[in-house]
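# Structural characterization, general
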Amino acid sequence: MPSLVVANWKMNPKTIKEAKKLFAGIAAGSKNIKKAQMAVCPPSVFLSSLAGSSKKIKMGAQNCYWEEKGAFTGEISLAQIASLGCEYVLVGHSERRKIFGETDESANKKLLAVLALGLTPILCVGETEQEKEDGGTFEVLKVQLEKGLEKVAKKVVNKIVLAYEPVWAIGTGKVCEAAQAEEVCIFIKKLICKKYGRTAANQAQILYGGSVRSDNVLRFVKDAQMSGVLVGGASLDAKEFIKIAKEIDF
Ligand code: PGA
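From a predicted model like this one, the values you see are computed outputs, not experimental measurements. (Residues numbered from 1 in each chain as written. Predicted model: local features only at pLDDT ≥ 70, side-chain atom pairs only at ≥ 80, totals over all residues. Heavy atoms only, no water.)

This part is about unusual backbone geometry. Its identity is not glycine, yet Ser 211 carries a phi of approximately 55 degrees, on the positive side. In this model, Gln 225 sits at a positive phi of 60 degrees, which is unusual for a non-glycine residue. Positionally, Gln 225 belongs in the loop between α10 (217–223) and β8 (228–231). By relative accessible area, Gln 225 is classed as exposed at 57%. (Helix = DSSP H or I, 4+ residues; strand = E, 2+ residues; numbered from the N terminus. Buried < 20%, exposed > 50% of the residue type's maximum accessible area, 1.4 Å probe, protein only.)

Right, let's talk about empty space enclosed by the protein for a bit. The gaps left among the atoms become clear once a water-sized probe is rolled over them. Applying the stated criterion to the full structure yields one cavity of 30 Å³ or more. Looking at the largest cavity, its volume works out to about 60 Å³. Every residue lining the largest cavity is listed: Leu 149, Val 157, Asn 158, Ile 160, Leu 162, Ile 192, Ala 200, Ala 204 and Gln 205. (1 Å grid on protein atoms, 1.4 Å probe; cavity = no way out; pocket = protein on both sides within 12 Å on 5 of 7 lines; lining within 4 Å. Points joined across faces, edges and corners; volume = space filled by probe spheres on them.)

Moving on, we get to helix α1 (residues 16–29). Given a rise of 1.5 Å per residue, 14 residues ought to cover 20 Å, and the 20 Å separating the end C-alpha atoms of α1 matches this to within 8%. Turning to α1, its buried residues number three or more, namely Ala 19, Leu 22, Phe 23, Ile 26, Ala 27 and Gly 29. Relative to the axis of α1, the buried residues are bounded by an arc of 165 degrees and lie together on one face. Exposed residues lying more than 90 degrees from the buried face of α1 are Lys 17 and Lys 21. Against β2 (37–41), α2 (47–50), β3 (57–61) and α11 (238–247) lie the buried residues of α1. (Expected span 1.5 Å × (residues − 1). Arc of directions from axis to C-beta. Contact = heavy atoms within 4.5 Å.)

In a beta sheet, neighbouring strands are held together by backbone hydrogen bonds and run either parallel or antiparallel to one another. Read around the barrel, eight strands follow the order β1-β2-β3-β4-β5-β6-β7-β8 and close on themselves; strand pairing throughout is parallel. Shown here is a sheet whose adjacent strand axes are inclined to one another by a mean of 25 degrees, direction ignored. With three bridges connecting them, strand β7 (residues 205–209) and β8 associate as parallel partners. Following the sheet pairing, Leu 207 is matched in β8 by Gly 228. Lying over the sheet, α1 contacts β2 and β3, oriented at roughly 140 degrees with respect to β3. Each of β1 (4–8), β2 and β8 touches α11; the most contacted strand, β1, lies at about 160 degrees to it. (Pairing = 2+ DSSP bridges. Axes fitted to C-alpha atoms, helices over the stretch in contact; angles between N-to-C directions.)

If you check helix α7 (residues 137–148), its first and last C-alpha atoms are 16 Å apart, about what 12 residues at 1.5 Å a residue would give, namely 16 Å. For α7, the complete set of buried residues consists of Thr 137, Val 140, Leu 141, Gln 144, Leu 145 and Gly 148. Along the long axis of α7, the arc covered by the buried residues comes to 120 degrees, so they all point the same way.

With that settled, consider the packing of aromatic side chains. Enumeration according to the criterion identifies five aromatic pairs in this entry. When the centroid spacing of 6.2 Å and the interplanar angle of 65 degrees are considered together, the rings of Tyr 164 and Tyr 208 count as edge-to-face. A residue pair is termed long-range when its members are at least 10 positions apart, and Tyr 164 in strand β6 (residues 161–164) and Tyr 208 in strand β7 qualify at 44 residues. The two residues Tyr 164 and Tyr 208 agree in class, both being buried. What links up through ring pairs into an aromatic cluster is the set Tyr 65, Trp 66 and Phe 72. (Phe/Tyr/Trp six-rings, centres within 6.5 Å; stacked < 30°, edge-to-face > 60°.)

Turning next to the pairing of β2. For a regular strand, side-chain orientation follows a simple rule: the groups alternate between the two sheet faces. Extensive coverage of β2 is indicated by the burial of four of its five residues. Bridge analysis of β1 against β2 gives five bridges, and the strand direction is parallel. When the sheet's bridge partners are listed, Asn 8 is paired in β2 with Cys 41. Chirality of the crossover, the property in question, places the unit of β1, α1 and β2 among those that are right-handed. Pairing of β2 with β3, which is carried by three bridges, proceeds in the parallel orientation. The residue bridging Val 40 from the neighbouring strand is Met 59, located in β3. (Right-handed = clockwise from strand over helix to strand, strands pointing away.)

Here it is as structure tokens:
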């Protein structure tokens, strides 16, 4: 399976003009990317203006609500996201958990709803600095994964992309060592194997996220054998984002 490189712009581009310029830069650079699959998750208000403007770059939403429709002021439904041609939806990002009170339970409801519409959820999991210091990394991941994947049927489990994003590495410039990323990757595969069998574990797509740049991306995708990366800060610079994709263009 080719590498997957996902941009998470968060709430950064200030105007539609800025977002279009950044997207155009990435789209232009993507012409030199042969194998890696690229996706961009812009702020949701910009999705409809950007969707469809590049054949090569898939679109993703940063968040969603699980209900089909109705009186949920400010929320965005999956049918709305799907109607724009989006393919990916981030679920359970640590900023959603920490700042907006998202739980494993709400992440699970979103994940199931994303799958029900045939889209691909990117379920984000990861430990905080404190949890890491306390030696709790694997316990935290186990709970987040088991709760996040609750009621997911075996036949759709390979539609899910998992992203290991240690919270202490997000936006901090602190990067996870290859050995830890690899250990986590193996741990996640074992958990998938236990729950869904060996084939599912072998096919699981596991991304790394947290201060990824072009000069450290190979550590995750080559050394730690992960399937790709979820990129925040570095995806706001089209040239750097393309450089990241180029490094793992296999
Ligand atoms: P970062 O963000 O690359 O800026 O650390 C990653 C993420 O939050 O997905």
